[in-house]
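# Breakdown of the fold
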Amino acid sequence: MSSRDVVLGRIRAALGDDAAPPAGIPRDYRRGDQPADLDLLVHRLEDYKAVVHRGVSVAETVAALAPDPLIVPPGINPDWLPAGVEVLHDDGLSADVLAVAGGVLTAATVAVAETGTIVLDGSPDQGRRVISLLPDLHICVVRADQVVASVPEALTRLAPQRPLTWISGPSATSDIELNRVEGVHGPRRLHVILLEASDHE
Amino acid sequence: MSTFLGMPATAPRGVGNLRGDESFPAAARKALGNDQLRRNLGHATTTIRAKSGAVIGELPDWQELRSAGSALKAATMARLPELLLQLEENVTRAGGVVHWAADANEANRIVTELVRATGEQRVIKVKSMATQEIGLNEALEEAGIEPIETDLAELIVQLGNDKPSHILVPAIHRNRSEIREIFLREMPGVDPALTDEPVVLAGAARRYLRETFLSTKVAVSGANFAIADTGTLVVLESEGNGRMCLTLPETLITVMGIEKLVPTWQDLEVFLQLLPRASTGERMNPYTSMWTGVTPGDGPQSFHLVLLDNGRSAVLADEVGRQALHCIRCSACLNVCPVYERTGGHAYGSVYPGPIGAVLSPQLTGVEDNASLPYASSLCGACFDACPVKIDIPSILVHLRNEVPHPRTERAAMAAAAYTMDHPKLYAAAQHAAKLTKLAGHRLPPPLNGWTASRDLPEPPPETFRDWWAKR
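Criteria and cut-off values
Residues numbered from 1 in each chain as written. Chains lettered and ligands numbered in written order. Predicted model: local features only at pLDDT ≥ 70, side-chain atom pairs only at ≥ 80, totals over all residues. Heavy atoms only, no water. Helix = DSSP H or I, 4+ residues; strand = E, 2+ residues; numbered from the N terminus. Rg over C-alpha atoms; globule rule 2.2 N^0.38 Å. Buried < 20%, exposed > 50% of the residue type's maximum accessible area, 1.4 Å probe, protein only. Contact = heavy atoms within 4.5 Å. Areas by Shrake-Rupley, 256 points an atom, 1.4 Å probe, with all protein chains shown as cover. Lys, Arg positive; Asp, Glu negative; His and termini not counted. Charge placed at Lys NZ, Arg CZ, Asp CG, Glu CD. Pairing = 2+ DSSP bridges. Axes fitted to C-alpha atoms, helices over the stretch in contact; angles between N-to-C directions. Buried area = accessible area lost by both parts, 1.4 Å probe. Salt bridge = Lys/Arg side-chain N within 4 Å of Asp/Glu carboxyl O. Polar contact = N/O pair within 3.5 Å; in protein donor to acceptor, adjacent residues only side chain to side chain. Domains from an automatic or database assignment. UniProt positions renumbered as here; feature names shortened; annotations may be inferred. Phe/Tyr/Trp six-rings, centres within 6.5 Å; stacked < 30°, edge-to-face > 60°. Lys NZ or Arg CZ within 6 Å of the ring centre and 35° of its normal. Core = buried A, V, L, I, M, F, W, Y, C linked by side-chain atoms within 4.5 Å. 1 Å grid on protein atoms, 1.4 Å probe; cavity = no way out; pocket = protein on both sides within 12 Å on 5 of 7 lines; lining within 4 Å. Points joined across faces, edges and corners; volume = space filled by probe spheres on them. Nonpolar A, V, L, I, M, F, W, Y, C, P; charged D, E, K, R; others polar.

## Let's talk about the overall build of chain A
Helix and strand counts for chain A stand at 5 helices and 12 strands. Its C-alpha atoms give chain A a radius of gyration of 21 Å, clearly above 17 Å, the size a compact globule of 201 residues would have. Referenced to the eigenvectors of the C-alpha coordinate spread, the extents of chain A come out at roughly 70 × 40 × 40 Å. Taken across its 201 residues, chain A has 55% of its residues classed as buried. In chain A, once contacts between residues fewer than 6 apart in sequence are set aside, the share between residues at least 24 apart is 68%. Carbon and sulfur atoms provide 49% of the accessible area of chain A, an area that totals close to 8000 Å². Side chains of chain A carry 17 positive and 28 negative charges; the gap between the two charge centres is 8 Å.

## Structural notes on the overall build of chain B
Summing up its helical and strand segments, chain B has 22 helices and 10 strands in all. Here the C-alpha radius of gyration of chain B, 25 Å, is about what a compact globule of 472 residues would show, namely 23 Å. Dimensions of chain B, computed from C-alpha atoms along their principal axes, come out at roughly 90 × 55 × 50 Å. Out of the 472 residues in chain B, the part that is buried amounts to 57%.

## Looking at the sheet that holds strand β5 (residues 225–227) of chain B
Across the sheet, which stays open at both edges, the 8 strands sit in the order β8(A)-β5(A)-β6(A)-β9(A)-β9(B)-β6(B)-β5(B)-β8(B) with mixed pairing between neighbours. Taken across any chain shown, the strands that pair with only one partner, and hence form the sheet edges, are β8 (147–148) of chain A together with β8 (261–262) of chain B. Relative to strand β6 (residues 117–120) of chain A, strand β5 (residues 110–112) of chain A runs antiparallel, the two being bridged by 3 bridges. Each residue of the ladder has a partner; that of Val110(A), found in β6(A), is Val119(A).

## Section: the packing of helix α2 (residues 35–57) of chain B against helix α12 (residues 268–279) of chain B
At a minimum axis distance of 7 Å, the contact between α2(B) and α12(B) shows a crossing angle of 145 degrees. On α12(B), the residues that touch Ile48(B), Ser52(B), Val55(B) and Ile56(B) of α2(B) are Arg277(B), Ala278(B) and Ser279(B).

## Some thoughts on the pairing of strand β2 (residues 122–125) of chain B
Residue and element names in this part refer to chain B. As paired elements, β2 and strand β3 (residues 146–149) share 4 bridges and run parallel to each other. Directly across from Arg122, in β3, lies its bridge partner Glu146. Where β2 meets strand β4 (residues 218–221), 2 bridges bridge the pair, whose relative direction is parallel. Its bridge partner lying in β4, Ile124 is registered against Ala219.

## Let's talk about the interface of chain B and chain A
Many structure descriptions define interface size as the accessible area lost when the parts assemble. At the junction of the two partners, chain B supplies 94 residues and chain A supplies 74 residues. When chain B packs against chain A, the two sides together hide about 7300 Å² of surface, and 61% of this comes from carbon and sulfur. Ranking the residues of chain B by area buried against chain A places Arg206(B), Arg243(B) and Arg283(B) at the top, with a combined share of 10%. The salt bridge involving Arg176(B) is made with Glu177(A); its shortest N-O contact spans 3.1 Å. In this structure, the connection of chain B to chain A is made through 36 residue pairs in polar contact (both at pLDDT 80 or more). No other element matches the 10 residues that helix α10 (residues 198–215) of chain B contributes to the side of chain B that touches chain A.

## Concerning the pairing of strand β12 (residues 189–195) of chain A
Residue and element names in this part refer to chain A. Burial analysis of β12 places 6 of its 7 residues in the buried class, which makes it a mostly covered element. Sheet topology note: the strand β7 (residues 137–143)/β12 ladder contains 7 bridges and is parallel. Residue pairing for β12: Leu137 is matched across the bridge by Arg189.

## As for the pattern of salt bridges
Counted according to the given criterion, the structure contains 36 salt bridges over all chains. Where Arg162(A) meets Asp121(A), a salt bridge forms, and the shortest distance between an N and an O atom there is 3.6 Å. Separated by 41 residues along the polypeptide, Arg162(A) in the loop between α5 (151–157) and β9 (164–167) and Asp121(A) in the loop between β6 and β7 bring together distant segments of the chain. Given a relative accessible area of 34%, Arg162(A) falls into the partly exposed group. A salt bridge links Arg312(B) to Glu133(B); the shortest N-O distance between them is 2.7 Å. Of this pair, Arg312(B) sits in helix α13 (residues 312–316) while Glu133(B) is found in helix α6 (residues 129–134), placing the two residues 179 residues apart along the sequence. Judged by relative accessible area, which is 1%, Glu133(B) ranks as buried.

## Points about the domain arrangement of chain B
Partitioning chain B into structural domains gives domain 1 (10–405) and domain 2 (425–471). Placing the centre of domain 1 of chain B and that of domain 2 of chain B at their C-alpha centroids yields a distance of 46 Å.

## Here's the deal with the sheet that holds strand β7 (residues 251–257) of chain B
Residues and elements named next belong to chain B. The strand order β1-β10-β7-β4-β2-β3 describes an open sheet built from 6 strands, whose pairing is parallel. Edge positions in the sheet fall to β1 (97–101) and β3, since each has one partner strand and no second. Adjacent strand axes in the sheet meet at a mean angle of 25 degrees, parallel and antiparallel pairs treated alike. Relative to β2, α10 is tilted by about 115 degrees, and along the sheet it contacts β2 and β3.

## Structural notes on the UniProt feature "domain: LUD" (unreviewed entry) in chain B
Mapped onto this numbering, the UniProt entry gives "domain: LUD" (unreviewed entry) at residues 86–294 of chain B. The straight-line gap between the two end C-alpha atoms of residues 86–294 of chain B is 17 Å; of that span, 44% is helix and 20% is strand.

## A short note on the packing of aromatic side chains
Residues and elements named next belong to chain B. Going through the model one piece at a time under the given rule, you end up with 7 aromatic pairs over all chains. Their ring planes at 35 degrees and their centres at 5.8 Å tell us that Phe465 and Trp468 sit as a pair that is tilted. Taken as a pair, Phe465 and Trp468 lie in helix α22 (residues 465–471) at a separation of 3 residues, close to a single helical turn. With a relative accessible area of 58%, Phe465 lands in the exposed category. Where Trp468 meets Trp469, the ring centres are 6.3 Å apart and the plane angle is 40 degrees; that geometry is what we call tilted. Judged by relative accessible area, Trp468 falls into the partly exposed class, the value being 35%. Assessed through its relative accessible area of 58%, Trp469 is described here as exposed. Here the aromatic residues Phe24, Tyr340 and Tyr348 are joined through ring pairs into a cluster of three or more. Over the aromatic face of Tyr287 sits the side chain of Arg243, whose NZ or CZ is 4.7 Å from the ring centroid.

## Some thoughts on the environment of Leu201(B)
With respect to the element layout, Leu201(B) can be found in helix α10. With 102 residues separating them along the chain, Leu201(B) and His99(B) place their C-alpha atoms 38 Å apart. For Leu201(B), the residues in contact, after removing those within four places along its chain, are Ile176(A), Arg176(B), Ile179(B), Arg180(B), Phe183(B), Leu194(B), Thr195(B) and Asp196(B).

## A closer look at the nonpolar core
One finds Trp166(A), Phe183(B) and Ile356(B) to be the most contacted residues of the largest nonpolar core, which totals 146 residues. Here Ile356(B) is in contact with Ile167(B), Ala324(B), Cys327(B), Cys333(B), Leu334(B), Ile391(B) and Ile393(B), once residues within four sequence places are set aside. By size, the runner-up hydrophobic cluster in this structure holds 20 residues, among which are Val123(B), Val218(B), Val220(B) and Leu308(B).

## Remarks on empty space enclosed by the protein
Under the counting rule described, the total for this entry stands at 6 cavities of 30 Å³ or more. Empty space within the largest cavity amounts to approximately 100 Å³. Of the residues belonging to the lining of the largest cavity, the class tally is 11 nonpolar, 1 polar and 1 charged.

Here it is in structure tokens:
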């Protein structure tokens with residue numbers, strides 16, 4: 001008898017033959033499309049120690065942060081790349097190179113206003129998970145049409161088959177006397193550039 | 001006695017961390033004498049309660065989310081075999097390998113063999129209650145494999161040769177100067193000029209672990225959720241050590257209890273709102289990683305999922321107690337419990353402390369192996385109110401107290417009380433006799449002194465109701 005059969009047999013025995021049919025799930029909580037509040041997203045991101053830039057040029061903002069060298073995923077929008085900064089396109093860069101980079105620039109897939117969360121899904125303009133993990137600075141570009149109000153709408157827009165990384169502020173710990181410390185293992189700094197329709201990017 | 005293999009079974013003895021060396025009252029007595037521990041705990045629970053209350057207050061539909069979470073978990077348990085098979089199919093289709101472990105011994109053996117097959121002698125670990133429960137680190141060490149905890153608190157516990165004391169913040173019993181001393185003594189290559197500032201201590205851990213992350217080829221994790229209809233695994237964390245372990249190594253081995261299932265992808269919308277707010281008091285934890293099997297060119301190219309029973313089927317067999325399996329390990333019940341706040345986690349003797357531990361541990365091990373835990377509660381009900389999936393912990397505690405083998409003196413006393421109350425003359429005599437205990441103070445004589453050791457005997461009234469009535 002395989003362990004699979006043992007475990008499944010035990011569970012079936014525990015539930016009994018006349019297990020009650022599953023009860024219905026009350027879905028009285030908020031779901032369905034609600035208007036996304038960009039100001040709320042900015043407030044929530046800043047509350048979690050991310051720096052937010054609005055109404056700016058991506059290339060100029062990246063240049064001002066001076067991440068040298070700047071790691072970018074293969075499908076990054078070339079208009080976002082600043083002149084005068086060394087740019088390394090990720091074509092399988094080694095972890096050692098990524099770990100000492102000045103920063104990484106990625107796009108995003110979805111952002112959740114209510115929680116101040118950005119989701120990356122590994123698309124060509126977001127790249128492998130590791131590139132937004134090892135550099136100390138992550139610059140993430142979010143378009144206004146990617147912002148949803150709350151978690152249920154975000155899940156509706158995401159493809160679970162992709163590797164997903166949900167980011168709410170920079171890496172943080174509260175393990176020492178509950179003092180919040182930013183930057184333990186992931187990026188210590190998170191900058192978000194919010195692009196609105198009027199930005200013409 | 002022979003047991004049919006397919007019958008629900010409790011977690012085996014001699015392995016893992018579900019049973020303490022002493023009873024709760026004995027361990028609690030020691031903890032109560034530790035002022036530093038009580039100060040740390042009082043500060044921690046008060047702080048987390050305030051943060052959690054504030055962010056829960058921001059949601060207009062918190063109670064509706066709790067009801068949905070509770071119903072989703074009940075529906076999951078009712079369909080567990082079907083959903084586990086669905087998960088297995090979807091993980092396998094996405095390139096993962098699924099293993100089934102009947103208990104801690106088997107899970108440890110599976111993981112050890114998987115690590116051996118890679119030829120590696122070191123694994124990095126994401127904080128995981130399931131692997132703590134089965135004593136995986138001890139099993140790996142015995143097999144000559146070095147497990148390295150990468151969560152800062154777990155690292156503090158591991159370097160301090162200590163045990164975790166809280167589900168969420170395992171090193172909460174340590175203060176900054178103790179942590180500095182542990183780092184100076186145990187962390188290779190640490191700067192001797194280390195101060196006890198939290199940011200400096202965290203920086204030391206970052207430097208120490210970075211090289212390990214970049215050079216270790218196997219990682220072991222738990223899972224917060226597993227989605228049956230997509231085969232997706234979900235881990236919530238804050239530091240990024242989880243992302244490191246889940247992204248950098250070549251092989252990833254995830255150990256999860258069979259109760260961690262969520263039926264559908266969209267159902268995750270309920271738990272992703274409940275867990276961070278109830279747990280760390282954040283709207284969302286800094287990092288959540290989700291992966292489905294393997295993704296070519298991104299992350300581990302070899303993924304193994306170990307599905308663990310280890311007593312869960314026995315919990316499921318108890319119609320009252322099975323809702324303990326709904327637990328999403330947020331630790332909200334610890335932070336509101338007046339008993340936990342004073343004794344801390346170690347007194348419970350299990351990796352699952354606090355109110356949820358007082359019901360989960362005795363059910364996983366069989367109540368005779370943790371007979372004092374159902375009494376490690378004042379039954380005040382604060383844990384029920386705090387639970388984001390509405391587990392009725394007080395009712396399970398009362399239910400389990402009835403399963404505990406009772407000492408002979410207590411049974412005799414209860415039988416005598418029942419007999420006396422059934423006989424009016426005896427009852428009146430007993431009430432008069434009770435007044436005499438005023439002479440004895442607030443302690444009962446042996447063999448009943450155990451009861452008054454931790455309680456004051458109530459003052460008998462100056463006049464019984466019967467006497468008062470007789471005079472009217």
